[in-house]
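# Residue-level structural notes
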Amino acid sequence: MQLIQENPDLSAYLAADEVLDHRHPLVREAAARLAEKAADSYVYAQAAYEYVRDAIPHSADSGDLRVTWRASDVLDRGTGICHAKARALAALLRAEDIPAALCYQRLAHDAGSGYCVHGLVAVRFHGAWHRQDCRGNKPGVDARFSLSGERLAFEPDLKSNEVDYPVLYAAPHPAVLAALKNAPDRPHLWENLPDAL
């Protein structure tokens, strides 16, 4: 699949905003801690990915009802769904001047009814974008950081109308962001996540 930058200006994928708040002290501290042990930007990117994937539980897996939507909140509270975790990873990458984009898939809903939009990150190395899925592993899910072929949590079943969206967003998609910001808890969010973009 050919990935498409929503914004042709690469600097947009390094920007900070209220969601990807990589200038926040919590994000800066986490980035500095990870960078301290990294020999180069590739090692740092993998370490940031593994930190978000493994140290911050997916709230549905852990049973946490809280909803986080800002990168610094994900790091502070230590929880989030795929979209929140993707934002935390994007902020950590951008904190170290590594271009990061948000991207999406349309997958069958966990509840077994309908579809929902799943959040990913794309990282730019060697002049190309590479999608990563930091949702967190569990039985049946074995996502890994990779620049040589995708190792995502889920592969869309095109026959079932699941979709890989090719657009790389510099900021969260407005429909996804609104669902997270307006959700009082995760069960409400589960019922109100967009089912398509």
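Values in this document were obtained by computation on a predicted structure and should not be read as measured data. (Residues numbered from 1 in each chain as written. Predicted model: local features only at pLDDT ≥ 70, side-chain atom pairs only at ≥ 80, totals over all residues. Heavy atoms only, no water.)

### A look at helix H5 (residues 82-95)
Counted only if it meets this: For the purposes of this entry, the term helix denotes a DSSP run of H or I that reaches at least four residues, the term strand denotes a run of E that reaches at least two, and both are numbered from the N terminus. To estimate the expected span of a helix, subtract one from its residue number and multiply by 1.5 Å. Relative accessibility thresholds used throughout: buried, under 20% of the residue-type maximum; exposed, over 50%; partly exposed, between the two (1.4 Å probe, protein chains only).
Taking 1.5 Å per residue, 14 residues should reach 20 Å; H5 reaches 20 Å between its end C-alpha atoms and fits that length. Most of H5 is tucked away: 14 of the 14 residues are buried.

### A word on the pairing of strand S3 (residues 115-125)
Short version of the rule: Any two strands with at least two DSSP-identified bridges between them are counted as paired.
Counting buried positions over the eleven residues of S3 gives nine, a clear majority of the element. As defined by bridge partners, strand S2 (residues 100-108) adjoins S3 across nine bridges and the pair is classed as antiparallel. When the bridges of S3 are listed, Ala100 appears paired with Val123. As judged from the five bridges shared by S3 and strand S4 (residues 128-132), these two strands associate in the antiparallel manner.

### Structural notes on the sheet that holds S4
Strand pairing in a sheet is mediated by backbone hydrogen bonds. Such pairs are either parallel or antiparallel. Inclusion rule: Contacts are residue-level and defined by heavy atoms, with any inter-residue pair within 4.5 Å sufficient. Only C-alpha atoms enter the line fits that serve as axes; for helices the fit covers just the stretch in contact. Angles between N-to-C directions range over 0 to 180 degrees.
Read across the open sheet, the four strands follow the order S4-S3-S2-S5; overall the sheet is antiparallel. Looking at which strands have only one partner, the edges of the open sheet turn out to be S4 and strand S5 (163-164). Examined bridge by bridge, S2 and S5 share two bridges and lie antiparallel to one another. Paired with Gln105 across the strands is Asp164, a residue of S5. Running at roughly 10 degrees to S3, H5 makes contact with S2 and S3 of the sheet.

Just distances and angles here, no functional claims.
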